[in-house]
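# Reading the structure
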Amino acid sequence: MLKNKEIAQLFTKFADILEFQGENVFKINAYRKASRVISDSIEDIEILWKEKRLSELSGIGKALQEKISEYIQTGKVGAFENLIAEIPEELFTLLSIQGYGPKTAALAHKELNVETVEDLQRVLEDGRLAALPGMGAKKIMNLKKGIEFLKSVSDRFSIAAVLPVVGAIIDHMQNHKEPLINRILPAGSIRRFKETVHDIDILAESDKSRDTIKHFLSFPAIRRKIGAGQTKASVLLEDGLQVDLRVVPSGSFGAALQYFTGSQAHNVRVRELARKKGLKINEYGVFQQERQIAGESEAEVYQSIDMPFIAPELREDRGEIEAALENRLPDLIEITDIKGDLHIHSLYSDGHMSIAEMAGHLRDFGYEYAAICDHSKSAFYANGLSEERLWRQQDEIRALNQQYTDFTLLSGIEVDILPDGTLDFSDNVLEQLDFVIASIHSAFKSDPTLRIMEAMKNPFVDVIGHPTGRLISRREAYSVDMKTIIDMAVKTGTALEINSFWDRLDLNDIHSKLAVESGVKLAINTDSHHDQHLEMIQFGVGTARRGWCSKLDVINAWDLKRLKDWQKRNRL
DNA sequence: GCCGTTTTCGGCCCGACTGTTTTCAGTCG
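Counting of residues starts from 1 at the beginning of each chain's written sequence and follows it residue by residue. As a convention, the first chain written is A and the first ligand written is 1, with the rest following in written order. Where local features are concerned, this predicted model is filtered to residues with pLDDT of at least 70; where side-chain atom pairs are given and counted, the filter is 80 or more; whole-chain, interface and lining totals use all residues. Excluded from the side-chain calculation are hydrogens and water; included are all heavy atoms of the structure.

### Here we look at the overall build of chain A
A tally of helices and strands in chain A yields 24 helices and 17 strands. Taken over C-alpha atoms, the radius of gyration is set against a globule rule of 2.2 Å times the number of residues to the power 0.38. The C-alpha atoms of chain A give 26 Å as radius of gyration, which agrees with the globular expectation for 572 residues (25 Å, within 12%). For chain A, the spread of C-alpha atoms along the three principal axes comes to 80 × 65 × 50 Å. The classification of residues rests on relative accessible area computed with a 1.4 Å probe and restricted to protein chains. Under 20% of the type maximum is buried, over 50% is exposed, and intermediate values are partly exposed. Among the 572 residues that make up chain A, the fraction classed as buried is 54%. In DSSP terms, a helix is any run of H or I states spanning at least four residues, a strand is any run of E spanning at least two, and both are numbered starting from the N terminus.

Printed below as a string of structure tokens:
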């Protein structure tokens, strides 16, 4: 799947170049769409090419097929090479500066030969940029701030880091001496539950938009205002997060929420469909000529184009439009469907709480069962269990279970998949445990796909833990061929984990969708090492929803009896 | 550059805010 990423990046880059050169915007959009479709595709583009199935991807016509073909065969695209030679090396960094778009970049390049951020800084300081047409004092000042911002922050934040900030802003907005707001909700990629987001979008319904904006600008953690008008405001927080607030009047909230939730690709499809029906959709409603026919609720907006409500997590133009039109949207899993957590650590390995403490918290959390799955003996970095300590732990779990009538603790293990593909405990040991997760924790370069396949063949392995090993913004996934693994999981009846830890979310949304469509079962676990980690189940469920999962697909959304029945089938 | 029960040519989602402008281009989402 490496080629998918490379080609997607190449097309995005090419779109930026075309924009810089003032090309037709529709051509530019065609490249951007192609890039998105390719990076979202679960099929390896190299295989699609080999099987002459590139045209199955929407938005890939003759010209782009030829470019993809050329790239796969030669490692480059001639037409791009020529263009890249003509543009400044740092163009892509320059374009990421707020307020420095393709037109300004082209002007500065043509007139002042600005090719790097340093060049730009120089012409900002010495007044030469200000001398160009359309470059006033404010524009210059904003570009200076833009450069400062670029240097100060990373471009994406994890959803886990952002949600508490969202809560604080909403609290602030609702806390005003006279009520300003009827309704307020996060929108954008947060509402779609993407694993990382680059800003916070918040939508408020108010008939006092001016006061609402003013109150928003008094939020304490604001570093500076980016812009503020009658109906929207953008600010930068101290930690580098951008927050956009949009205020709409009563009667438009649903349409605005639909618009502001995105994704952009999803909205483009929705609005296209509306146009074909002679309707116009904008953030104020659905309009027939000048007359508003919907907009109070999101459901109304979808209904106006003959669709059922589409859950925010699905709105990525990954097939949800077609599914909605054919009335075959999935019945998505809810957080309240989760009946137990099958991946919990304790003091026996690298957890921070005793088994009794964790069990109490799990029960209080509302679960019917949980599996203690500490690390196995080779995981010495995590204080992995020897066989002897494992049995002592099992005794403790059995004793604890005597105290509960409404909660069951399973005695499990997170057994290491060793570099040669064997497991860290023998079948004799695994057989005596209630639940077995097998995970890779070392030797990432030593063929992970093959090792996971071997582990799945073991009849006592119930789940493969964090199957790709990626750590968001820190470590790439090890090179696993997910299609092969999923095919094997179908054969062996092994479940795959969605690890809910905020920096894992592994499987991710796209892999989860592929798994579910193939009939593979999933386990949504937190991998908790502390009771506070239990809350992270929301991120796993969010990822599962983005992966089109229903509660029928998730083994820990089943009651314990069904889970055990499934295990027995799996172990035959 | 893509695409087609309105089209193989002529469309392609839609609007807010900013700054520098006397009516709009550029940028952003």
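### Overview of the packing of aromatic side chains
Planes of paired rings set the category: under 30 degrees apart is stacked, over 60 is edge-to-face and the rest tilted, where pairs are Phe, Tyr or Trp rings (Trp by its six-membered ring) whose centres lie within 6.5 Å. Under the defined criterion, the tally for this structure stands at 12 aromatic pairs. Ring plane angle 15° and centroid distance 5.9 Å describe the contact between Tyr 259 and Phe 260, whose orientation is recorded as stacked. Overall, the relative accessible area of 28% leaves Tyr 259 in the partly exposed class. The exposure class of Phe 260 is buried, given its relative accessible area of 14%. Between Phe 444 and Tyr 478, the aromatic rings sit 5.2 Å apart at their centres with planes inclined by 15°, giving stacked as the arrangement. In this pair, Phe 444 sits in the loop between strand E14 (435-439) and helix H20 (448-457) while Tyr 478 sits in the loop between strand E15 (463-464) and helix H21 (482-492), placing the two residues 34 residues apart along the sequence. Classification of Phe 444 as partly exposed rests on a relative accessible area of 29%. Ring pairing ties together the aromatic residues Phe 11, Phe 14, Tyr 31 and Phe 80, which thus form one cluster. Note on geometry: a ring has a charge over it if NZ (lysine) or CZ (arginine) is within 6 Å of the ring centre and within 35 degrees of the ring normal. Here the basic side chain of Lys 513 rests over the ring of Trp 548, its NZ or CZ set 4.4 Å away from the ring centre.

### Some points on the pattern of salt bridges
The salt bridge definition used is simple: a Lys or Arg side-chain nitrogen within 4 Å of an Asp or Glu carboxyl oxygen. Under the defined criterion, the tally for this structure stands at 34 salt bridges. Salt bridges linked by common partners bring Asp 40, Arg 192, Glu 316, Arg 318, Asp 509 and Arg 546 together as one network.

### Side note on the domain arrangement of chain A
Think of interface size as the accessible area that goes away when the parts come together; that is how it is often given. A domain assignment, automatic or from a database, supplies the domain bounds used here. Per the domain assignment, the segments of chain A are domain 1 (2-153), domain 2 (157-248), domain 3 (265-325) and domain 4 (335-570). Distance between the C-alpha centres of domain 3 and domain 4: 39 Å. Contact with domain 3, which involves eight residues of that partner, is made by seven residues of domain 4. When the area that domain 3 buries against domain 4 is broken down by residue, the three leading residues are Glu 313, Leu 314 and Arg 318, summing to 78%. At the junction of domain 3 with domain 4, the criterion picks out three salt bridges. Whenever two N or O atoms come within 3.5 Å, that pair is a polar contact, provided that in protein one can donate a hydrogen and the other can accept it, and provided that, for residues adjacent in sequence, both atoms are side-chain atoms. The interface formed by domain 3 and domain 4 includes four residue pairs in polar contact (both at pLDDT 80 or more). Among the residues forming the side of domain 3 that touches domain 4, the class breakdown is three nonpolar, one polar and four charged. Only heavy atoms enter the contact rule, under which two residues are in contact if any of them lie within 4.5 Å. Put simply, buried area is how much 1.4 Å-probe accessible surface two parts lose in total, over both of them, once they are put together. Residues are grouped as follows: Ala, Val, Leu, Ile, Met, Phe, Trp, Tyr, Cys and Pro are nonpolar; Asp, Glu, Lys and Arg are charged; all remaining types, including Gly, are polar.

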